[in-house]
Amino acid sequence: MNDPEQSLYPVAVLIDELKHEDIQLRLNSIRRLSTIAVALGPERTRNELIPFLNESIDDEDEVLVALAEELGGFVEYVGGLEYAPVLLGPLETLATVEETLVRDKSVEALNKVSRQVPVAHLLEHLVPLVLRLQANDWFTSRISACGLFAAAYGRLPAESKAEIRASFTQLCHDDTPMVRRAAASNLGSFAAAMHAAGDEELLKTELLPLFAALSADEQDSVRLLAVENCVGVGQLLSVSANQAVVLPIVRSVSQDRSWRVRYVVAEHLCELVPSLSPDLTRHEMAPTFVRLLQ
């Protein structure tokens, strides 16, 4: 029979390596967090391991990326959905760091957790987290917030949905171009979430004006990302709505002063055709395509 102390020795080594000076050893230990958590049990994982990780976030980007990936699948190790909110602390901290890849992985993990937890946890923990990130002075936090609206939107009550939409509106008008870029990049997924939740009218009255504004932004990098959403947004709307809203945007950006924006229009123009009537395709899209060829 194995000595219990002997069987726990590798786990003790992994825990020590979490604090080791050698980045490869720390990385190895982070990638085996689930082994450590199983050995500690859910209660000690919640009370000891997660707080330790939250205090250790001042680390190399490679380690933080691995940490965010691990935490996204950590719900079972902290005791299940009831205790899932304990993971939000370190993930929120990771969502504020400077390195883009770390933030992206933390947003993925937060969305993964938010899709699993009950509505009560969304209201008590996740919605306040999103609003904190959106209101943060540091622009990296606001960039991360842009990617957190769609995942949980459909399960929220009307009042919380209104808060979320107002928060997204502020990000679309943010003073920092990089934040507006993130908002433009996530507009399509948020539009799809609103449509799936039955908020078609709110999509038309609240989100489409933001789409139009981002498509006319002073920064070509923002306009470019907004244009990439044309197809996704167009697929959610009726032919008449596309004629009223999307077509004027396509008409405008197809003559954009930036060749990069015109390139994206040309790349996606044919994908938009199924969302328009044959008459509009002949008289609007075909001439636009010919103009872009020239």
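Residues numbered from 1 in each chain as written. Predicted model: local features only at pLDDT ≥ 70, side-chain atom pairs only at ≥ 80, totals over all residues. Heavy atoms only, no water.

Let us now look at the packing of aromatic side chains. For the structure on display, the rule yields six aromatic pairs. Between Phe 74 and Tyr 77, the aromatic rings sit 5.1 Å apart at their centres with planes inclined by 55°, giving tilted as the arrangement. For Phe 74, a relative accessible area of 1% puts it in the buried group. Aromatic pair Phe 149 and Phe 168: ring centres 5.4 Å apart, planes at 80°, arrangement edge-to-face. With a gap of 19 residues between them, Phe 149 in the loop between helix 9 (139-146) and helix 10 (150-153) and Phe 168 in helix 11 (residues 158-172) connect regions that are remote in the sequence. (Phe/Tyr/Trp six-rings, centres within 6.5 Å; stacked < 30°, edge-to-face > 60°. Buried < 20%, exposed > 50% of the residue type's maximum accessible area, 1.4 Å probe, protein only. Helix = DSSP H or I, 4+ residues; strand = E, 2+ residues; numbered from the N terminus.)

In the structure shown here, the tally under the stated rule is zero disulfides. We note that Cys 146 lacks a disulfide partner, and the nearest cysteine sulfur, in Cys 172, lies 7.1 Å from it. (Disulfide = S-S within 2.5 Å.)

Let's shift gears to empty space enclosed by the protein. In this approach, a probe sized like a water molecule rolls over the atoms, and the result shows the empty space that is left. The final tally for this structure, using the stated rule, is three cavities of 30 Å³ or more. Volume-wise, the largest cavity comes out at about 60 Å³. What lines the largest cavity is simply Val 227, Cys 230, Val 231, Val 250, Val 253, Val 265, His 268, Leu 269 and Leu 272. Contributing elements (two or more residues each) for the lining of the largest cavity: helix 15 (230-236), helix 16 (239-253) and helix 17 (259-272). (1 Å grid on protein atoms, 1.4 Å probe; cavity = no way out; pocket = protein on both sides within 12 Å on 5 of 7 lines; lining within 4 Å. Points joined across faces, edges and corners; volume = space filled by probe spheres on them.)

It is worth spelling out a negative patch on the surface at this point. A cluster of acidic residues, Glu 60, Asp 61, Glu 62, Glu 98, Glu 99 and Asp 104, forms a negative patch at the surface. With respect to the helices, strands and loops of the structure, Glu 99 is situated in the loop between helix 6 (88-94) and helix 7 (100-114). A residue is classified by how much of its surface remains accessible, and Glu 99, at 32% relative accessible area, is partly exposed. (Patch = residues over 30% accessible without salt bridge, like charges linked within 9 Å, V, L, I, M, F, W, Y side chains within 5 Å. Areas by Shrake-Rupley, 256 points an atom, 1.4 Å probe, with all protein chains shown as cover. Salt bridge = Lys/Arg side-chain N within 4 Å of Asp/Glu carboxyl O. Lys, Arg positive; Asp, Glu negative; His and termini not counted. Charge placed at Lys NZ, Arg CZ, Asp CG, Glu CD.)

Here we come to the confidence of the model for the protein. Of all residues in the protein, 95% have pLDDT values of 70 or greater, and the mean over the chain is 86. The element-level mean pLDDT for the protein is lowest in helix 1 (residues 4-17), coming to 56, with helix 9 highest at 96. The low-confidence segment residues 1-9 (pLDDT under 50) makes one contact with residues lying over four places distant or belonging to another chain. (pLDDT = per-residue confidence, 0-100. Contact = heavy atoms within 4.5 Å.)

Turning to its location among the elements, Arg 103 is positioned in helix 7. Placed 44 residues apart in sequence, Arg 103 and Gly 147 show a C-alpha to C-alpha distance of 9.9 Å. Sequence-distant contacts of Arg 103, defined by excluding residues within four places in its chain, comprise Leu 94, Ala 95, Thr 96, Val 97, Glu 98, Thr 140, Ile 143 and Ser 144. A distance of 2.6 Å separates a polar atom in the side chain of Arg 103 from the backbone oxygen of Glu 98. (Polar contact = N/O pair within 3.5 Å; in protein donor to acceptor, adjacent residues only side chain to side chain.)

Turning next to helix 17. The end-to-end C-alpha distance of helix 17, which contains 14 residues, comes to 20 Å, matching closely the 20 Å that a straight helix rising 1.5 Å per residue would cover. If you look at helix 17, its biggest bend is around 30°, right at Ala 266. Of all the residues in helix 17, the buried ones are Val 261, Val 264, Val 265, His 268, Leu 269 and Leu 272. At its buried positions, helix 17 is contacted by helix 14 (220-228), helix 15, helix 16 and helix 18 (278-293). (Expected span 1.5 Å × (residues − 1). Bend = angle between axes of the 7 residues up to and from the residue.)

Right, let's talk about the layout of surface pockets for a bit. There is about 370 Å³ of room inside the largest pocket. In this structure, the largest pocket is lined by 17 residues; those nearest its centre are Thr 100, Arg 103, Asp 104, Ile 143 and Ala 182. Counting only elements with at least two residues in the lining of the largest pocket, the list comes to helix 7, helix 9 and helix 12 (177-196). Residue composition of the lining of the largest pocket, grouped by class: six nonpolar, six polar and five charged. (Nonpolar A, V, L, I, M, F, W, Y, C, P; charged D, E, K, R; others polar.)

Turning our eyes to something else, we now look at the packing of helix 13 (residues 200-215) against helix 14. For the pair helix 13 and helix 14, the least separation of the axes is 7 Å and the interaxial angle reads 135°. Between helix 13 and helix 14, the angle is such that the two are oblique. Contact residues: Phe 211, Leu 214 and Ser 215 in helix 13; Val 222, Arg 223 and Ala 226 in helix 14. Per-class residue counts for the contact of helix 13 with helix 14 are four nonpolar, one polar and one charged. (Axes fitted to C-alpha atoms, helices over the stretch in contact; angles between N-to-C directions. Parallel < 35°, antiparallel > 145°, perpendicular 65-115°, else oblique.)

Right, let's get into the pattern of salt bridges. Side chains that carry opposite charge are capable of pairing whenever their charged atoms lie near each other. Taken as a whole and judged by the stated rule, the model has 12 salt bridges. One salt bridge connects Glu 48 with Arg 44, and the closest N-O pair in it is separated by 3.0 Å. Here Glu 48 pairs with Arg 44, and both are found in helix 4 (residues 42-55), just four residues apart, close to one helical turn. A single network of salt bridges, built from pairs that share partners, joins Glu 69, Lys 105 and Glu 108.

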